[in-house]
Amino acid sequence: MIFKKYEWRLVLRVALLLVALTATSLALIKGMYLFLLITLPLVGYLVVDMIRLQRRILEEVRQFIETVRYRDFSRHFDVRKAPAELKLIRQGFNDINTTFKSISRERETQYQYLQKILELVDTGILSYEMESGAVSWVNESFKRLLDIPYIKTIHSLEKREAAFYKEIIQLKPGESNVISLTRNQQVIKILVSASIMRTDQQVNKLIAFQNVSEAIDETESKAWQKLLNVMTHEIMNSVAPISSLADTLKKRLQSPDLVNSTLSEELDDIELGIDTIKKRSDGLLKFTESYRNLNKITKPDVTKIRLRNLFEDLNNLMRPTLEKKRIELEIILRDPGLTVEADVHLIEQVMINLLVNAIEAVKDSEQPRITLSAEILKNKTLVKVTDNGSGIPLELLDKIFIPFFSTRKTGSGIGLSLCKQIMLLHKGNIQAQSAKDQGTAFILQFAGAV
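An account of the accompanying structure is given in this report. (Residues numbered from 1 in each chain as written. Predicted model: local features only at pLDDT ≥ 70, side-chain atom pairs only at ≥ 80, totals over all residues. Heavy atoms only, no water.)

## A few points about the pattern of salt bridges
The condition is simple: Criterion for a salt bridge: a side-chain nitrogen of Lys or Arg within 4 Å of a carboxyl oxygen of Asp or Glu. Helix and strand assignments come from DSSP, with helices taken as H or I runs of at least 4 residues and strands as E runs of at least 2, each series counted from the N terminus. Working definition: with a 1.4 Å probe on protein chains only, accessible area under 20% of the residue-type maximum means buried, over 50% means exposed, and in between means partly exposed.
For the coordinates displayed, the defined rule picks out four salt bridges. Between R308 and E312 there is a salt bridge, and its shortest N-O distance comes to 3.5 Å. Highlighted residues: R308 and E312, both in helix 11 (residues 307-324), separated by four residues, approximately one helical turn. Among the salt bridges present, the one from K384 reaches E375, with a minimum N-O distance of 3.4 Å. When its relative accessible area of 24% is taken as the criterion, K384 is described as partly exposed.

Printed below as a string of structure tokens:
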């Protein structure tokens, strides 16, 4: 309707201008100069009116361009009070503004939604401008992972974590790498991945950080189990016949005909050598048999365990040893009703192993103390065995759960490996926090608080 009114007015203006020009031309041809006093002002008025209309239209367009330039889509062009020829333009501008506002709201909603998702995920995400190093976006998971409340530029990481910073800078787009970090006296493994985002004005590097310690631990545990299966099988098959043959040879040397022979002195040396072979073979068989324990456990018998009862049983069991060595055992349990779902016999075995290690760790402390505690954190039940012993050096902390590895000369390297396997069978994990001369804490993590 507005467009039709504008068309009629435009046609009327053009028609009036045409009539005025025609009348002026006829007046000039026929010499009717007095008539020109009427037609010429009319032509002038119509031309000026056309120019004024175009200027008003251009002014409306200019204002709209300013609106677009400053993205002020909240402005509303008054249609009702506008001249008929401007109503169509203003209505079009309002429609465009409405569309832009709708698109802007959708984009803002998507941006907020994406931000919420990125804040909720466990993966740390960092984006920085490659040329200047300025950080354009970082989520809370990254801040928690690196214990950094604020980061302005990527280069500020160099002072805090030089090796970590170097890995990030050198990481190429599309590549991934596993980096070890020490947090809260605990070694964690982080999978770092990189990608590139290009805009018209700058190039951003997007880095994703994912804690993969538990996944790597489980994979390593399975790999060690396979290796131990092959190793124990091959050793048993090779050593058992040697031990049996040594037994046979020793019995043969102890027969009366050889004992009373003239070669008895030489045979004594041979018997001594056979005894040595026998002892070493038996020792190796016993050693190999002990490692079979790592593969005997296949499925735990899960029941609900009250941690208060578990701690009391451990206290009663370990009390003679603790009193003999004058070690204080402290139990901290804020919630007496706290429980976990686990195999009580296997968990007791884990706890006893950890307590035995703790007793060994505090033997040189002036005031030896071991603490048993439990709490719920982030919907997971944590059971801790803490000591104030000599601690474990940082370079050894990520090796203590490896089979065969032991920090003690008399250790077999089986205890902590067995503990890790038991916890993995419970869909949980075991972690160690330690620093030299500052004590050690082993943390049993059970999935889901009960």
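## Here's the deal with helix 14 (residues 415-425)
The buried fraction of helix 14 is high, at nine of eleven residues. Taken together, the buried positions of helix 14 are L416, S417, L418, C419, K420, Q421, I422, M423 and L424. Within two residues after helix 14, K427 carries a phi angle of roughly 60°, on the positive side.

## Observations regarding the packing of helix 12 (residues 344-361) against helix 14
Filter applied, for reference: Between N-to-C directions, angles span 0 to 180 degrees; the directions come from axes that are lines fitted to C-alpha atoms, helices contributing only their stretch in contact. In this scheme, a crossing is called left-handed if the near helix is turned counterclockwise away from the far one by less than a right angle; it is called right-handed if the turn is clockwise. Any two residues whose heavy atoms approach within 4.5 Å are treated as being in contact. Asp, Glu, Lys and Arg are counted as charged, while Ala, Val, Leu, Ile, Met, Phe, Trp, Tyr, Cys and Pro are counted as nonpolar; the rest, among them Gly, fall into the polar class.
As a packed pair, helix 12 and helix 14 sit with axes 10 Å apart at the nearest point and diverge in direction by 145°. You can see that helix 12 and helix 14 cross each other, and the crossing is left-handed. Mapping the contact onto sequence places L346, I347, Q349, V350, N353, L354 and N357 in helix 12 and G415, L416, L418, C419, I422 and M423 in helix 14. Across the contact of helix 12 with helix 14, the residue classes tally to nine nonpolar, four polar and no charged.

## Some points on the nonpolar core
Our working rule: Residues belong to a common nonpolar core when they are buried Ala, Val, Leu, Ile, Met, Phe, Trp, Tyr or Cys residues joined through side-chain atoms within 4.5 Å.
With 41 residues, the main nonpolar core has M351, L354, I370, F442 and L444 as its most contacted residues. With eight residues, helix 12 is the largest single contributor of residues to this core. The next biggest cluster of nonpolar side chains, apart from the first, holds 22 residues, and it includes L126, F142, I188 and A194.

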